[in-house]
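So the chains spell out like this:
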Amino acid sequence: MARIGVIGGGAFGTAMACVVRRSGHEVLLWAREAEVVAAINADGINQMFLPGVRIASGIRATAELAAAVTGMDFILMAVPAQHLRSVARLMHPHLQAGTPVVTCSKGIERGSLALMPEVVAATLPQASVAVLSGPSFAREIANDLPCGVVLACGNNETAYQLSAAFRSRNFCVHPSRDVTGVAIGGVMKNVVAIASGVAAGRKLGENARATVITLGLEESLRLGMAKGADPATFLGLAGAGDMMLTANSLQSRNTSLGVALGEGRKAADVLAARKEVTEGAHSAGAVVALARRLDVSMPISEAVDRVLNHGADIDAAIADLLAQPREAA
């Protein structure tokens, strides 16, 4: 049995606490919200972020970050991408050298344009950095439905060790060394899901959605290769698998945001009504900035950024995409 600290009391952090608890480990979950801590400890439920889901028994919660970091064998981080650096900085004094830190956050940091494992490596240099991603809706894994994900670490032995530690009957973990590719797959599926949702909201048809998702996967591959990722990663669970799930389901906050935009609602109004972060809305601009830095063509991502962040008309953005000539892959 290992001692595992889960940093982040949102839906995914709570779900991952359930996963590792079912794998037989001692789990302490840190949440910023006092009401989340109280509800988990008293009632075994996270009513704020996973209402109606009974979490695995034996999970304890704390509002003290140091308690969830000090002396842990592994750390899982599931905080919003744009807050990862600030939380990691607070963890630094309490993290023992060599402790594996697995980031589950999916985004690119605005300003620095760093991927989440790059943020962890910069702020927690004493850590062994890993990333977990794949088609994994929080509610389903909290309810112990079958799921497959990828866990990547530059150290192959650590990747296999962590994968074995987190694996359970219904949670299949595939080890990988492609930290960059797995991280980029997690970012891009959210941005492409917004575009897919816009197509649905505009009632453009299933052909259009399939086209958007496929070309979005191409964009993921191009960005990944420019960052040195393994192209094969984008054909697996952390690439095509995660994008198929996220961009095709209204359970996805990113897809549902796109649908709302396609139906004519304002992004600010939709986002203001949500408790959980819609990561694609916060990463789209950073994705485009990184692509430009690396001289990568990403017209779908650029269209999402223009609509979200620069007031572009949706129909004009769609027309611009349709007018761009593309060579078949």
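Above this text sits the structure in question.
Now for a description of the structure that goes with this document. (Residues numbered from 1 in each chain as written. Predicted model: local features only at pLDDT ≥ 70, side-chain atom pairs only at ≥ 80, totals over all residues. Heavy atoms only, no water.)

### Thoughts on helix α5 (residues 116-123)
Structural remark: α-helix, 3.6 residues per turn; residues separated by three or four positions point the same way.
Next up, step 1: All of the buried residues along α5 are M116, P117, V119, V120 and T123. Down the axis of α5, the sector holding all buried residues measures 155 degrees, keeping them to one side. (Buried < 20%, exposed > 50% of the residue type's maximum accessible area, 1.4 Å probe, protein only. Helix = DSSP H or I, 4+ residues; strand = E, 2+ residues; numbered from the N terminus. Arc of directions from axis to C-beta.)

### Some thoughts on the nonpolar core
Next up, step 1: If you look at the biggest cluster of nonpolar residues, it comprises 47 residues, and the most contacted ones within it are I108, M188, L257, L261 and L308.
Next up, step 2: With residues up to four places along the chain from it excluded, the contact list for I108 reads Q82, L113, A114, L115, M116, V187, S283, A286, V287 and L290.
Next up, step 3: Formed by 44 residues, the second largest nonpolar core is a distinct cluster that contains I4, C18, V37 and C153. (Core = buried A, V, L, I, M, F, W, Y, C linked by side-chain atoms within 4.5 Å. Contact = heavy atoms within 4.5 Å.)

### What about the packing of helix α4 (residues 84-91) against α5?
Next up, step 1: One can describe the packing of α4 onto α5 by two numbers: an axis separation of 9 Å at closest approach and a directional angle of 30 degrees. Regarding the angle of α4 to α5, the classification is roughly parallel. In this structure, α4 crosses over α5, and the sense of that crossing is right-handed. Across from L84, R85, A88 and R89 in α4, the residues of α5 making contact are M116, V119, V120, A122 and T123.
Next up, step 2: Among the residues making up the contact of α4 with α5, the classes are represented as six nonpolar, one polar and two charged. (Axes fitted to C-alpha atoms, helices over the stretch in contact; angles between N-to-C directions. Parallel < 35°, antiparallel > 145°, perpendicular 65-115°, else oblique. Left-handed = near helix turned anticlockwise from the far one by under 90°. Nonpolar A, V, L, I, M, F, W, Y, C, P; charged D, E, K, R; others polar.)

### Some remarks on the environment of A267
Next up, step 1: Looking at where A267 falls in the secondary structure, it is placed in helix α12 (residues 267-272).
Next up, step 2: On the basis of relative accessible area, A267 is assigned to the buried category, the value being 15%.
Next up, step 3: In sequence terms A267 and D230 are 37 residues apart; their C-alpha atoms lie 34 Å from each other.
Next up, step 4: With near-sequence residues (within four places) excluded, A267 lies in contact with L257, L261 and L308.

### Here's the deal with the pattern of salt bridges
Next up, step 1: Inspection of the entire model under this criterion finds ten salt bridges.
Next up, step 2: The residue E26 makes a salt bridge to R3 at a minimum N-O spacing of 3.6 Å. A residue pair is termed long-range when its members are at least 10 positions apart, and E26 in strand β2 (residues 26-30) and R3 in strand β1 (residues 3-7) qualify at 23 residues.
Next up, step 3: According to the relative accessible area criterion, E26 is partly exposed, its value standing at 29%.
Next up, step 4: Since its relative accessible area comes to 31%, R3 is described here as partly exposed.
Next up, step 5: In this structure, R222 and E218 form a salt bridge, with 3.7 Å as the shortest nitrogen-oxygen distance. (Salt bridge = Lys/Arg side-chain N within 4 Å of Asp/Glu carboxyl O.)

### A short note on the pairing of β2
Next up, step 1: Within β2, four of the five residues are buried, leaving the element largely enclosed by the surrounding structure.
Next up, step 2: Note that β1 and β2 share five bridges and pair parallel. Residue pairing for β2: I4 is matched across the bridge by V27.
Next up, step 3: Between β1 and its parallel partner β2, the chain crosses via helix α1 (residues 11-22), and the hand of that crossover is right-handed.
Next up, step 4: Relative to strand β3 (residues 60-62), β2 runs parallel, the two being bridged by three bridges. Bridge pairing in β3 places L29 opposite A61.
Next up, step 5: Viewed along the sheet, the connection from β2 through helix α2 (residues 34-43) into β3 turns out right-handed. (Pairing = 2+ DSSP bridges. Right-handed = clockwise from strand over helix to strand, strands pointing away.)

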